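If you want the building blocks of each chain, they are given just below.
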Amino acid sequence: MSSPRMSLAHYTRLWLASARYSLVRTMMFRADFIMWSLVELFWMGVNLLLIAVVYRHTDSIAGWGPWEMTVIVGTSMLVQRLLMGFFWTNLFEMGRNVRSGHFDFFMAQPGNPLFMISTRKIDLDGFLNAPLALAVVAYAVHRLGLQPSGWQMAAYALFVGCGLAIHYATLLLIISLVFWLQSAKGIEGGYFGVNEFSRLPREALRGVAAVIFVYALPVIVVTNVPARTLLHGVELVPTLWLVGAAALWLTIAITVFNRGIRRYASASS
Amino acid sequence: MLAVLAKYRAVFVVGLQSSLVYRWNFAVRAAFSLVHLAFVFILWGAAFAGQTQVGGFDLRQTLTYFIVMLVLQFFISAMNEDYEVSEDIRNGLINQFLLKPVNYYLYRLTVFVSARLVSGALALLPVLLALPLLAPYLTLPPLSWNYAAAVPALVMSALIQFTIAYCFGLLTFWFLEIQSFIILSLAVETVLGGQVFPLDLLPRWLYDFSAYLPYYYQMYFPVALLTGRITDEAFILRGLGIQLFWVIALLGVAQLLWHRGLRRHTAVGG
């Protein structure tokens, strides 16, 4: 049995091999890479344009000024870019592979199946715009005249990581349903629809909407906690909430995935 | 003439039947649109806090704009038409249209009309279910010339949307993968079609410029007519004129792409 350190080295090597494969593949289809990068860039522009237009006619949205709101929107874009870059294609291909029986290929690989399906490809066009999303956040913080401490920035990075974990877990949970339902069609639209709420400040939601998008689904917390950390410093309760939500959703998603694998009927004879 | 109509009537009936097979997909899509509508309500509700008007319109008028936009999208928007044309070309299915007395554009347009009738009807279901919640926010202008002008505007909007999608599908004659073109164009259409925010909230010079683009007439123009955001008769007539120009221009582009594309096309197989 290999030691944890050996395992970590083993998985790091596997991940680097996948990253190298993705890089080579992207460079083979350079025009496609440029087009998809432009697509992502345009959609980020759409989100920022909405904020710019709304703030032409109002000074505040639920107590948040234009640059504070830009920090939220920028953070939402950053988490989204990282999700697209690392996991989106892999998880959607998992749904297709389970239906077609190609999932066998991952079961037979030398590593944990969840790791193998989650890291097979990296979408570089997603990454290309992640620094841009970060630059949007940095510019908004600069316009607010704030100078976050190293501690705040480290906490922000950690919280973005937690947000990424929550999004990954949510997607994995939904896609894992193909083990039972055979189809995950229409989920993409639903995911983007729900994710729109991550661009809203917590204070804008009341009543049922607050129950759903603040408490039941951690959509708001994913962006609001990192944004508040840069704007107001690290706050204990929201920090515990975000880290706890990430741990909880990851646990649920991994449990459902493992249950699903047990149901998986291999395509081989 | 009657024989031609009968031909496309048959296509229309088959299109209706095919669309009904995907009724749950349309219904789910419409239900998810209500999630987007909830986002719009919350965002604009928060933006209106402390003020009665934004850009000359109150909260109810603004929310009515988005509700009408949502419903009309299912009646006149192009959804998968670009991909369907692309698949026909990639798989060689257009070969049959080259041998039969069927105009491919009219065939696709007929299928589009039947599909939108189904998707529009199905979109009304979740909207009707949500009507008790939406009703307090609905405020439509009194009966006026606007409604009469909205009829040709809606027809031409559907033609513009379909023809743009058709043209993107035809790009498959030149490019193997057109998805990125489509999604890039969708971002532009979404903003300049007024789906993200009412275009009249843009700076005046940008709004005036957008009124010369085809995107303005894809969604914003008919919705603005129906919700009373555009009332000036001279402006409406000018808008209908520009919209007609874009319909004709896009039909010309579609024809050009079709004929040029066919020169590159190779039909194989028995």
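Residues numbered from 1 in each chain as written. Chains lettered and ligands numbered in written order. Predicted model: local features only at pLDDT ≥ 70, side-chain atom pairs only at ≥ 80, totals over all residues. Heavy atoms only, no water.

Trainee: Which parts of the structure should I look at to understand the overall build of chain A?
Mentor: Secondary structure summary: chain A contains twelve helices and zero strands in total. Along chain A, helices (α) and strands (β) appear in the sequence α-α-α-α-α-α-α-α-α-α-α-α when read from the amino end. Projected onto its principal axes, the C-alpha positions of chain A cover 65 × 40 × 40 Å. Across the 269 residues of chain A, 49% fall into the buried class. Sequence separation of 24 or more characterises 81% of the internal contacts of chain A that already satisfy a separation of 6 or more. Working note: accessible area of chain A is about 13,100 Å², and carbon and sulfur atoms make up 67% of it. (Helix = DSSP H or I, 4+ residues; strand = E, 2+ residues; numbered from the N terminus. Buried < 20%, exposed > 50% of the residue type's maximum accessible area, 1.4 Å probe, protein only. Contact = heavy atoms within 4.5 Å. Areas by Shrake-Rupley, 256 points an atom, 1.4 Å probe, with all protein chains shown as cover.)

Trainee: It is not clear to me how the overall build of chain B should be interpreted in this structure. Could you clarify?
Mentor: The helix and strand tally for chain B stands at twelve helices and zero strands. The secondary structure elements of chain B, listed N-terminal to C-terminal, are α-α-α-α-α-α-α-α-α-α-α-α. A globule of 270 residues ought to have a C-alpha radius of gyration of about 18 Å, and chain B, at 20 Å, matches this closely. Out of the 270 residues in chain B, the part that is buried amounts to 51%. The contacts of chain B with a sequence gap of at least 6 include a subset with a gap of at least 24, amounting to 78%. Taken as a whole, chain B presents about 12,800 Å² of accessible surface, with 69% of it coming from carbon and sulfur. (Rg over C-alpha atoms; globule rule 2.2 N^0.38 Å.)

Trainee: Help me understand helix α4 (residues 81-90) of chain B in this model?
Mentor: Each turn of an α-helix holds 3.6 residues, which means side chains three or four residues apart point in the same direction. Residue and element names in this part refer to chain B. Among the residues making up α4, those that are buried are Glu81, Asp82, Val85, Ser86, Asp88 and Ile89. All buried residues of α4 project into a common sector of 160 degrees when viewed along the axis, lining one side. Looking at the buried positions of α4, the neighbouring elements they touch are α6 (104-129), α8 (145-170) and α9 (179-192). Immediately beyond the C-terminal end of α4, within one or two residues, lies Gly92, with a positive phi of roughly 80 degrees. (Arc of directions from axis to C-beta.)

Trainee: Even after reading the chapter, I still don't get the pattern of salt bridges, so can you show me in this structure?
Mentor: Between side chains of opposite charge, a pair can form as their charged atoms come close. Residue and element names in this part refer to chain B. Evaluation of the coordinates by the stated rule reveals twelve salt bridges over all chains. Glu84 serves as the salt-bridge partner of Arg108, at 3.1 Å between the closest nitrogen and oxygen. In this pair, Arg108 is assigned in helix α6 and Glu84 in helix α4, connecting sequence segments 24 residues apart. Classification of Arg108 by relative accessible area gives buried; the value is 7%. (Salt bridge = Lys/Arg side-chain N within 4 Å of Asp/Glu carboxyl O.)

Trainee: Explain the packing of aromatic side chains to me, please; I cannot follow it from the model alone.
Mentor: Given two aromatic rings, their pairing is described by the distance between the two centres and the angle made by the two planes. As enumerated under the stated definition, the model contains 39 aromatic pairs over all chains in all. Between Phe179(A) and Trp180(A) the ring centres are 6.4 Å apart and the planes differ by 90 degrees, which places this aromatic pair in the edge-to-face class. For the cation-ring pair, Arg229(B) lies above Phe57(B), with the distance from its terminal atom to the ring centre recorded as 4.0 Å. It is Arg229(B) that lies over the ring of Tyr65(B); its NZ or CZ is 5.1 Å from the centre. (Phe/Tyr/Trp six-rings, centres within 6.5 Å; stacked < 30°, edge-to-face > 60°. Lys NZ or Arg CZ within 6 Å of the ring centre and 35° of its normal.)

Trainee: Would you mind showing me how to read the interface of chain B and chain A here?
Mentor: Often, the extent of an interface is quoted as the loss of accessible area on bringing the components together. Tallying the contact residues gives 30 residues for chain B and 31 residues for chain A. Buried surface at the junction of chain B and chain A, both sides included, amounts to about 2,700 Å², of which 80% is carbon and sulfur. Considering only the surface of chain B that becomes buried against chain A, Phe39(B), Ile42(B) and Leu184(B) emerge as the three largest contributors, covering 22% of it. Taken together, the connections running from chain B to chain A amount to six residue pairs in polar contact (both at pLDDT 80 or more). Mapped by element, the contributors of at least two residues to the side of chain B that touches chain A are α2 (23-48) and α9 of chain B. A per-element tally of the side of chain B that touches chain A places α2(B) first, with eleven residues. Taken together, the residues of the side of chain B that touches chain A break down into 22 nonpolar, seven polar and one charged. (Buried area = accessible area lost by both parts, 1.4 Å probe. Polar contact = N/O pair within 3.5 Å; in protein donor to acceptor, adjacent residues only side chain to side chain. Nonpolar A, V, L, I, M, F, W, Y, C, P; charged D, E, K, R; others polar.)

Trainee: Could you clarify how one ought to interpret the side chain of Thr239(A) in this entry?
Mentor: Residue and element names in this part refer to chain A. With respect to the element layout, Thr239 can be found in helix α12 (residues 236-263). Residue Thr239 is classed as buried on the basis of its relative accessible area, which comes to 16%. For Thr239, the side chain forms a polar contact with the main-chain oxygen of Glu235, separated by 2.5 Å. Apart from residues lying up to four places away in sequence, Thr239 is in contact with Phe159, Val225 and Val234.

Trainee: What exactly am I supposed to notice about the nonpolar core here?
Mentor: When a protein is soluble and globular, its nonpolar side chains tend to lie buried together. If you look at the biggest cluster of nonpolar residues, it comprises 160 residues, and the most contacted ones within it are Phe103(A), Leu205(A), Trp44(B), Tyr216(B) and Ile230(B). Examining the composition of this core, we find that 16 residues originate from one element, helix α3 (residues 66-100) of chain A, more than from any other. Excluding anything up to four places from it in sequence, Ile230(B) contacts Asn146(B), Tyr207(B), Tyr216(B), Tyr220(B), Phe221(B), Ala224(B), Leu225(B), Phe235(B) and Ile236(B). Core analysis: the second largest hydrophobic core is formed by seven residues, Ala30(B), Met79(B), Val118(B) and Ala123(B) among them. (Core = buried A, V, L, I, M, F, W, Y, C linked by side-chain atoms within 4.5 Å.)

Trainee: I tried to follow the confidence of the model for chain A on my own but got confused; where do I start?
Mentor: Do not read the predicted coordinates in detail wherever pLDDT is low. Overall, the prediction assigns chain A a mean pLDDT of 88, with 93% of residues at 70 or greater. In the model of chain A, helix α9 (residues 187-195) of chain A stands out as the element of lowest mean pLDDT, 74, in contrast to helix α11 (residues 219-232) of chain A, which has the highest, 94. (pLDDT = per-residue confidence, 0-100.)

Trainee: Help me understand the packing of helix α7 (residues 150-176) of chain A against α12(A) in this model?
Mentor: Residue and element names in this part refer to chain A. At a minimum axis distance of 8 Å, the contact between α7 and α12 shows a crossing angle of 30 degrees. Judged on the interaxial angle alone, α12 and α7 are roughly parallel. Pair α7 / α12 crosses with left-handed handedness. Contact residues: α7 offers Phe159, Cys162, Ala165, Ile166, Tyr168, Ala169, Thr170, Leu172, Leu173 and Ser176, while α12 offers Thr239, Leu242, Val243, Ala245, Ala246, Trp249, Leu250, Ile252, Ala253, Ile254, Val256 and Phe257. A per-class count over the contact of α7 with α12 returns 19 nonpolar, three polar and no charged. (Axes fitted to C-alpha atoms, helices over the stretch in contact; angles between N-to-C directions. Parallel < 35°, antiparallel > 145°, perpendicular 65-115°, else oblique. Left-handed = near helix turned anticlockwise from the far one by under 90°.)

Trainee: Please explain the side chain of Asn90(A) as it appears in this structure.
Mentor: All names here are of chain A. With respect to the element layout, Asn90 can be found in helix α3. Among the residues examined, Asn90 registers a relative accessible area of 3% and is labelled buried. Here Phe86 takes part through its backbone oxygen, which lies 2.9 Å from a polar atom of the side chain of Asn90.

Trainee: When you look at a nonpolar patch on the surface in this model, what are you seeing that I'm missing?
Mentor: Residues and elements named next belong to chain A. Nonpolar side chains collect at one region of the surface, where Ile34, Leu38, Leu41, Phe42 and Leu132 lie side by side and expose about 390 Å² of accessible area between them. Of the residues forming the nonpolar patch, the biggest block, four residues, is contributed by helix α2 (residues 30-57). Position of Phe42 among the secondary structure elements: in helix α2. Judged by relative accessible area, Phe42 falls into the partly exposed class, the value being 36%. (Patch = residues over 30% accessible without salt bridge, like charges linked within 9 Å, V, L, I, M, F, W, Y side chains within 5 Å.)

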